[in-house]
Amino acid sequence: MSNFSVHSRAAHSAHDVAVHVLDLEGELDAHTASDLEAAFEQCRAEDHHRIIVNGADLDYISSAGLGVFMAYVEDVREAGGDIKIANLKPKVYNVFDLLGFPMLFDIEDTEEEALARFEENAEDAPEPSDAPGENRIA
Amino acid sequence: MDASETRSADPPSPAAGHSPQQRTDQQRTERFDLRALYETSSLLSSSLELDFVLGNLLLTALSKLLVTRGAVLLWRPAEGGYRVAATKGGTQMEEGTVLALDDERRSLDRDDDGEPMRGAGVPAPLRERGVALALPLRSGERRLGLLVLGPKATGAPFADAEVEFVASLASMSAAAVGNALLVEELRTANRDLDGKVQQMNTLFDLSQEMGAIREEARLGKLLSYALMGQMAVRRHLFLLRQDDDDAEDDSANGPRRPFQTVVRGGGADDVEVTPALTEAICGRRKLVRPADEDGASWDALAEAGFDIVLPIRHRDEVCAALALGPKLTGAPYETGDIEFLYSLGNLAYTSLRNARLLEEQIEKERLEQEIALARQAQQRLLPQQLPAANGVELAARTVPSREVGGDYYDVLSLPGRADDESERLLLAIADVTGKGVAASLLMANVQAARKLADQPGQSAGVVARAGPHPEVAHTLDYVNAGHNPPMLLRAGGELERLETGGLLLGVMSGADYDSGRVELAEGDTLAIFTDGATEAMNPDDEEFGEARLAESLRAHRDVSAEGVLDAVFEDVRAFAGAPAPLGDDLTMVVLRVP
């Protein structure tokens, strides 16, 4: 039984940049990676290239799950968009951080910040984001 | 780190001189010195951040001694010397570099007595970098590193009191440095451990999932995701050698089984997997960095942007290979990464291999089921019950070999003709060339056609018609279309063969067939059989043969038709070494005139 789900919805920034949001819920691992894959495929089919992945309800991510981001981000960027990541729980952020993903992805604390980043320049390559403070190992 | 953080930055102590106030100055200096030491020490002890501790230690030392540049080197035996951990001012040392502090007089790497080193006493590599004073940092017996300082800005030599002060500073700060180092080590260890745990999780996650999947494409995709996620790499290639079932075939002489590409991603499309590349990879046992190798195959991989190639071995033979481009984070592949990649490569190899084996097994079982169905159908085509015949005994049997065979026999009672009311019996036997479902289908066709001519494919058959005749008991008309000639054993023991006929059926359309006629008298036994009888093999690879068959018939011809059949089948089985399955269907029809 899969305990992972992706819900997609449209969002708009303050200056009306259309962005597609994927809300992840549950555990993203080798078994459920195909669900996220399908969601990205659908984004591609529907020409949504500005994507925010909201991890507010994401409880776990495995390397295979991270790999899905890697597999799609290049195409999305080539199409002038980006995959930005927001609202990660500390435990999940830690995995992103451990594997060096903050260097490769724009990871924001909130969806609003991620929206704002799209506003800055949707076609910009993402800059490394800062780690949320609580994820530092004390 | 800026100077505002150094609350202990006292005004520089005046250089020792000979003024009238000398004594008072001396006392004040000592008091300042003591306060500076105390404040610096308590400030440093309040923090566990190494950068903060080292930065403040340096700033205090610089300001107290009027020195413009200094550095802290940390003792890193694993890295082969002292690492530059913090610098202030324009030192000729870059943070992060490791210095081996050996010189002609002594090796500081081995021998550190804890005493301040000044002027010519400073190890040469440091002197060359402008160091005028070096103070060991020790926490108890533990060697931590060195606090090194350039010359005084005034150009004056260091006074003994200054050296003493900074030695005390180094000594009092060492505990804080030691603590901060421990915390840093712990932090690194924690992170390394987190990394290991993450790798283990990945392997566990993947082995669970891969074990449940048997579609090769899906397995490949999972491998891709795991690689990209764990290593932050895009360009990757996973190659798998073709089946290694026949390990003997892969001799050192013959060509190696080629690699097949199972997974490629991240711009790895332009790599051609050539036989030379297979050869190159299979000749390796360990990690290869194509850029460091000579040869066209390695060059091609390096040009395509592959940094590392891992040969995956199974039973001491390279059976797969994993090639990766650079990590996008710019980090190098560490030992731990390589270990992980070998585990992942092995997992992928095993999963793909198992998936293929499972697929083959399923295919085999499906085929076996089909064969069983075909065999059932075939058995139903054969007469379930022989017709009753007046004046002759009939017996017929077929023993299929392991596979579905193409043997066919039939015995039919034909209606009497208007001009001849006598009973007519039709015997038929056929052996379709080849075996398997197709052969048995053809056999079914043969039966449906009811006549043994104009069939597609090849079959051999004998049709014999036996009927009453005024002078003798029975007349037998027959056509032999390339079948083993039936044996007619006369009551007296003489053997005749029914050979008249023509070519195998279906070999040539429109072929003509002759028919032969023999008469059957009391005590005669006719055996029509397929080559399963004569070609049955014993363990020494000898055939049962026609002579043994004739002998067996002759020996048992006095019993009933059923008895003859039993005896002959028994002889064939005994010869072949029961209970080994026969290589071919064994079919025989016996007609005996009692």
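Residues numbered from 1 in each chain as written. Chains lettered and ligands numbered in written order. Predicted model: local features only at pLDDT ≥ 70, side-chain atom pairs only at ≥ 80, totals over all residues. Heavy atoms only, no water.

Draft legend 1. Fine view of the sheet that holds strand S4 (residues 82-86) of chain A. Residue and element names in this part refer to chain A. Sheet architecture is open: 5 strands sit in the order S1-S2-S3-S4-S5, paired in mixed fashion. Only two strands of the sheet have a single neighbouring strand rather than two, namely strand S1 (4-12) and strand S5 (106-108). Averaged over all pairs of adjacent strands, the angle between their axes in this sheet comes to 25°, without regard to strand direction. Sheet contacts for helix H2 (residues 63-78): strand S2 (18-28), strand S3 (50-61) and S4; angle to S4, the most-contacted strand, approximately 140°. (Pairing = 2+ DSSP bridges. Helix = DSSP H or I, 4+ residues; strand = E, 2+ residues; numbered from the N terminus. Axes fitted to C-alpha atoms, helices over the stretch in contact; angles between N-to-C directions. Contact = heavy atoms within 4.5 Å.)

Draft legend 2. Quick peek at the sheet that holds strand S6 (residues 142-149) of chain B. All names here are of chain B. Strand order in the open sheet formed by 6 strands is S3-S2-S1-S6-S5-S4, with antiparallel pairing between adjacent strands. In this open sheet, the two strands that pair with only one neighbour each are strand S3 (98-99) and strand S4 (117-118). Most of the contacts of helix H4 (residues 160-211) go to strand S5 (residues 133-139), to which it runs at about 45°, and overall it touches strand S1 (70-76), S4, S5 and S6.

Draft legend 3. Geometry of the packing of helix H5 (residues 216-231) of chain B against helix H8 (residues 335-381) of chain B. Residues and elements named next belong to chain B. At a minimum axis distance of 10 Å, the contact between H5 and H8 shows a crossing angle of 170°. In terms of their interaxial angle, H5 and H8 are classed as roughly antiparallel. Along the contact surface, H5 presents Glu216, Leu219, Leu223, Ala226, Leu227, Gln230 and Met231, while H8 presents Asp337, Phe340, Leu341, Leu344, Ala348, Ser351, Leu352, Ala355 and Arg356. A breakdown of the residues in the contact of H5 with H8 according to their chemical character gives 11 nonpolar, 2 polar and 3 charged. (Parallel < 35°, antiparallel > 145°, perpendicular 65-115°, else oblique. Nonpolar A, V, L, I, M, F, W, Y, C, P; charged D, E, K, R; others polar.)

Draft legend 4. Seen up close, the nonpolar core. If you look at the biggest cluster of nonpolar residues, it comprises 68 residues, and the most contacted ones within it are A:Phe40, A:Phe69, A:Ile83, A:Phe96, A:Phe105 and B:Leu341. Ranked by the residues each element gives to this core, the list is headed by H8(B), at 9 residues. (Core = buried A, V, L, I, M, F, W, Y, C linked by side-chain atoms within 4.5 Å. Buried < 20%, exposed > 50% of the residue type's maximum accessible area, 1.4 Å probe, protein only.)

Draft legend 5. Local environment of the interface of chain A and chain B. Contact residues are listed per partner, giving 27 residues for chain A and 24 residues for chain B. Carbon and sulfur atoms make up 56% of the area that chain A and chain B hide from each other, which totals about 2,300 Å². The tally of links between chain A and chain B comes to 4 salt bridges. Between A:Glu37 and B:Lys221 there is a salt bridge, with the nearest N and O atoms lying 2.7 Å from each other. Seen at the junction of chain A and chain B, the total is 12 residue pairs in polar contact (both at pLDDT 80 or more). Only helix H1 (33-45), H2 and helix H3 (90-98) of chain A provide two or more residues apiece to the side of chain A that touches chain B. The element that contributes the greatest number of residues to the side of chain A that touches chain B is H2(A), accounting for 9 residues. (Buried area = accessible area lost by both parts, 1.4 Å probe. Salt bridge = Lys/Arg side-chain N within 4 Å of Asp/Glu carboxyl O. Polar contact = N/O pair within 3.5 Å; in protein donor to acceptor, adjacent residues only side chain to side chain.)

Draft legend 6. The arrangement of the state of the cysteines in detail. All chains considered together, the criterion is met by 0 disulfides over all chains. The closest cysteine sulfur to the non-disulfide-bonded B:Cys319 is located on B:Cys282, 9.0 Å from its own sulfur. (Disulfide = S-S within 2.5 Å.)

Draft legend 7. Geometry of the confidence of the model for chain A. Considering every residue of chain A, the mean pLDDT works out to 85; 86% of them sit at 70 or more. Predicted confidence for residues 122-138 of chain A stays below pLDDT 50, and this span has 31 contacts to residues more than four positions away or in other chains. (pLDDT = per-residue confidence, 0-100.)

Draft legend 8. Structural detail: the pairing of S5(B). Residues and elements named next belong to chain B. Most of S5 sits out of view: 5 of its 7 residues are buried. The pairing of S4 with S5 spans 2 bridges and is classified as antiparallel. Bridging across to S5, Met117 finds its partner in Ala134. For S5 and S6, the ladder comprises 7 bridges, and the chain directions are antiparallel. Each bridged residue has a counterpart across the sheet, and for Ala134 the counterpart in S6 is Val148. Connecting S5 to the next strand, S6, in antiparallel fashion are 2 residues, including Gly140 with a positive phi near 65°.

Draft legend 9. Summary view of unusual backbone geometry. Of note in the backbone geometry, A:Asp47 takes a positive phi value of approximately 60° without being a glycine. Take A:Asp47: its relative accessible area is 57%, and that puts it in the exposed class. In this structure, B:Asp316 is a non-glycine residue whose phi angle is positive, near 65°. For B:Asp316, the location among the structural elements is in the loop between strand S9 (308-314) and strand S10 (317-324).

Draft legend 10. Structural context of the packing of aromatic side chains. For the structure on display, the rule yields 8 aromatic pairs over all chains. Here the aromatic rings of A:Phe101 and A:Phe105 are separated by 5.6 Å at their centres, their planes lie at 10°, and the arrangement is stacked. Since its relative accessible area comes to 0%, A:Phe101 is described here as buried. When the centroid spacing of 5.0 Å and the interplanar angle of 45° are considered together, the rings of B:Trp75 and B:Tyr82 count as tilted. Given a relative accessible area of 0%, B:Tyr82 falls into the buried group. Of the aromatic side chains, those joined through ring pairs into one cluster are A:Phe40, A:Phe69, A:Tyr72, A:Phe96, A:Phe101 and A:Phe105. One cation-aromatic arrangement involves B:Arg143 over B:Trp75; the distance from NZ or CZ to the ring centre is 4.0 Å. (Phe/Tyr/Trp six-rings, centres within 6.5 Å; stacked < 30°, edge-to-face > 60°. Lys NZ or Arg CZ within 6 Å of the ring centre and 35° of its normal.)

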